[in-house]
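# Residue-level structural notes
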Amino acid sequence: MSSPAHTGDAAVTVDDLTVDYPAHRASVAHRAVDGVSLAVAADEVIGIIGESGSGKSTLARVLAGDLTSARGTDPAPVISGGEAHVLGHALRGIRRRELTRLTFNVAYLPQDAAARLAPELTVAELVGEPILARDRRYNAKAVGLRVATMLDQVQLPLAVLDKYPFELSSGQRQRVAIARSLVLAPRVLIADEPTAGIDVTVRGSISELIERLRVEGSFSAILVSHDLPLLRHTTRRVVALHSGRVVGFAPIDQLLAEGAHPFLAGFAEATGQRDVDKTRPR
Ligand SMILES: Nc1ncnc2c1ncn2[C@@H]1O[C@H](COP(=O)(O)OP(=O)(O)OP(=O)(O)O)[C@@H](O)[C@H]1O
């Protein structure tokens, strides 16, 4: 890709970004993102697709500012080339205090968000926690109201408020994780497979929620996803990654119809989109 588009009013700009995982125990150093450039305008939602290991999660993780790992776990990704700006903050070498300020406005829904929900907290506590973590004295009634609104937006009944994660289905847990990620009304959402595990009948409500937030303004998102209805409903453009490099950045139906890369052609075949989309109005 050449230089990023829309840099003027961009929420996120990525310029020739390279990300490595350092050598760790028996593993050698590994380049996961290799010279990626892209931009996400304010009030734009983009998608990221690509085969397993193509660097989608690493790119999402870095842009969400998740640049450290807990001691004893796998190494964190390191920006080794280029630069990324999120809401005007340069990520390379960003200091902890600035990162904390940035992450107030950037929600990150990692791939394992549902599994990471603290098992000892109820749904009400899980969804309300980010508000209280920011301001312990926040009015309890206002927190309750906000939590109820968020549950409604992800189509969970209020009956789940007092339940613990183990009492929910995996799809319900994922919706709790989404509600939690959006409770502080972030300006940017970075979500890794947001509809994973969610029943097909309620996935539409997640698409609608993301589209509504975008239309209401001051909201951008990057969605790592292979959920075609979600991509079609919420994104204008989708980045296709292969071996850490951008191999396409276009509307999803154009990517699939053109099948410019073997991965895209295979994905179009697998989802039965190749011929359908040639006749689809854009
Ligand atoms: N913590 C880590 N340490 C070392 N290498 C890693 C780490 N996390 C990911 N990788 C490697 O980086 C590459 C990109 O992984 P990444 O998870 O970003 O890809 P992905 O496209 O999201 O894959 P998937 O769809 O399977 O989640 C892979 O080769 C992966 O093995």
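Predicted model, so just to flag it, every value in this text is computed and none were measured. (Residues numbered from 1 in each chain as written. Predicted model: local features only at pLDDT ≥ 70, side-chain atom pairs only at ≥ 80, totals over all residues. Heavy atoms only, no water.)

## Thoughts on the overall build of the protein chain
Quick reminder of the rule: Helix and strand definitions follow DSSP, with helices as H or I runs of at least four residues and strands as E runs of at least two, each counted in order from the N terminus. For each residue, the accessible area found with a 1.4 Å probe, counting protein chains only, is set against the maximum for its type, and the residue is called buried under 20%, exposed over 50%, and partly exposed in between. In what follows, a contact means two residues having at least one pair of non-hydrogen atoms within 4.5 Å. A positive count includes Lys and Arg, and a negative count includes Asp and Glu. His and the chain ends are not counted in either. To locate a charge, take atom NZ for lysine, CZ for arginine, CG for aspartate or CD for glutamate.
Each helix and strand counted, the protein chain has eleven helices and ten strands in total. The principal-axis extents of the C-alpha atoms in the protein chain amount to approximately 50 × 45 × 40 Å. For the protein chain, the proportion of its 282 residues judged to be buried stands at 49%. Taking the intrachain contacts of the protein chain between residues at least 6 apart in sequence as the baseline, contacts between residues at least 24 apart amount to 66%. When the 32 positive and 32 negative side-chain charges of the protein chain are each reduced to one mean point, those points stand 5 Å apart.

## Some remarks on the UniProt feature "domain: ABC transporter" (unreviewed entry) in the protein chain
Put simply, the rule reads: UniProt positions are given in the numbering used here, feature names are shortened, and annotations may be inferred rather than shown by experiment.
Cross-referencing UniProt, the feature "domain: ABC transporter" (unreviewed entry) maps to residues 12-268 in the present numbering. Measuring from the first to the last C-alpha atom of residues 12-268 gives 28 Å, for a span that is 39% helix and 25% strand.

## Notes on the sheet that holds strand E7 (residues 188-192)
As a reminder of what qualifies: Strand pairing is assigned whenever DSSP identifies at least 2 bridges connecting the two strands. Angular values range over 0 to 180 degrees, each being the angle between N-to-C directions of two axes fitted as lines to C-alpha atoms, with helices fitted over their stretch in contact.
One open sheet accounts for six strands, arranged E6-E7-E8-E3-E9-E10; its pairing is mixed. This sheet does not close on itself; its edge strands, each paired only once, are strand E6 (106-109) and strand E10 (245-250). Going across the sheet, the axis of each strand differs from the next one's by a mean of 15 degrees, ignoring polarity. Sheet topology note: the E6/E7 ladder contains four bridges and is parallel.

## Description of unusual backbone geometry
The residue Gln155 is not glycine, and still its phi comes out positive at about 55 degrees. On the secondary structure map, Gln155 appears in the loop between helix H5 (140-153) and helix H6 (170-182).

## Examining the pattern of salt bridges
Our working rule: Here, a salt bridge means any Lys or Arg side-chain nitrogen found within 4 Å of an Asp or Glu carboxyl oxygen.
Applying the stated rule across the entire model yields ten salt bridges. Ionic pairing is found between Arg245 and Asp34, a salt bridge with its closest N-O pair at 3.2 Å. Taken together, the residues span a long stretch of sequence, with Arg245 in strand E10 and Asp34 in strand E2 (residues 30-41) at a distance of 211 residues. A relative accessible area of 47% places Arg245 in the partly exposed class. With a closest N to O distance of 3.7 Å, Asp227 and Arg203 form a salt bridge. Separated by 24 residues along the polypeptide, Asp227 in the loop between strand E8 (220-224) and helix H8 (228-234) and Arg203 in helix H7 (residues 200-216) bring together distant segments of the chain. Several salt bridges share partner residues, and in doing so they unite Glu44, Arg236 and Arg237 into one network.

## Remarks on the site of the ligand
Put simply, the test is: Working definition: residue near molecule or strand if any one of its non-hydrogen atoms lies within 4 Å of it. Here a polar contact is taken to be a pair of N or O atoms separated by no more than 3.5 Å, where protein atoms must pair a possible hydrogen donor with a possible acceptor and residues adjacent in sequence count only if both atoms sit in side chains. To be clear on the numbers: accessible area is Shrake-Rupley with a 1.4 Å probe, and residue cover counts the displayed protein chains and nothing else. Throughout this entry, Asp, Glu, Lys and Arg are counted as charged residues, while Ala, Val, Leu, Ile, Met, Phe, Trp, Tyr, Cys and Pro are counted as nonpolar. The remaining residues, Gly among them, count as polar.
Within the structure, the ligand sits among 14 residues, and Ser52, Gly53, Lys56, Ser57 and Thr58 are positioned closest to it. Contact between the ligand and Tyr21: a nitrogen atom at 3.4 Å from a side-chain N or O atom of the residue. The side chain of Gln111 places a nitrogen or oxygen atom 3.4 Å from an oxygen atom of the ligand. For the ligand, whose free accessible area comes to 630 Å², the fraction covered by protein is 69%. For the shell around the ligand, the secondary structure elements donating two or more residues are E2 and helix H1 (56-63). Looking at the shell around the ligand, the element that brings in the most residues is H1, giving three residues. Considered class by class, the residues forming the shell around the ligand number three nonpolar, eight polar and three charged.

## Re the sheet that holds E2
Taking strand neighbours across the sheet as the criterion, the four strands line up as E2-E1-E4-E5 in an open arrangement whose pairing is antiparallel. Whereas interior strands pair on both sides, the edge strands pair on one side only; in this sheet they are E2 and strand E5 (89-90). Two strands pair when backbone bridges link them, and strand E1 (residues 10-21) and strand E4 (residues 78-86) are joined in this way by seven bridges, in the antiparallel orientation. The residue of E4 that forms the bridge with Thr18 is Gly81. Where H1 meets the sheet, its contacts fall on E1, E2 and E4, and the angle it forms with E1 comes to roughly 120 degrees.

## Section: the nonpolar core
Quick reminder of the rule: Only buried Ala, Val, Leu, Ile, Met, Phe, Trp, Tyr and Cys residues count toward a nonpolar core, and they belong to the same one when joined by side-chain atoms within 4.5 Å.
The biggest cluster of nonpolar side chains holds 35 residues, and the ones touching the most others in it are Val127, Val176, Leu189 and Leu223. Those elements giving two or more residues to this core turn out to be E6, helix H4 (123-134), H5, H6, E7, H7 and E8. Examining the composition of this core, we find that five residues originate from one element, H6, more than from any other. The residues touching Val176, leaving out its near neighbours within four places in the chain, are Leu117, Val123, Leu126, Val127, Leu156 and Leu168. Listed in part, the 33 residues of the second largest apolar core include Ala11, Val36, Val62 and Ala64.

## Considerations on the packing of H4 against H6
Two quantities define a packed helix pair, namely the angle between the helix axes and the distance between the axes. Operational definition: Should an angle lie under 35 degrees it is considered roughly parallel, over 145 roughly antiparallel, and from 65 to 115 roughly perpendicular; all remaining angles are considered oblique. A clockwise turn of the near helix away from the far one marks a right-handed crossing, whereas an anticlockwise turn of less than a right angle marks a left-handed crossing.
Look at H4 against H6: their axes get within 7 Å of each other, and the N-to-C directions meet at 25 degrees. Between H4 and H6, the angle is such that the two are roughly parallel. Of the two elements, H4 crosses H6, and the hand of that crossing is right-handed. Here H4 contributes Val123, Leu126, Val127, Glu129 and Pro130 to the contact with H6, which in turn contributes Val176, Ala179 and Arg180. Of the residues belonging to the contact of H4 with H6, the class tally is six nonpolar, no polar and two charged.

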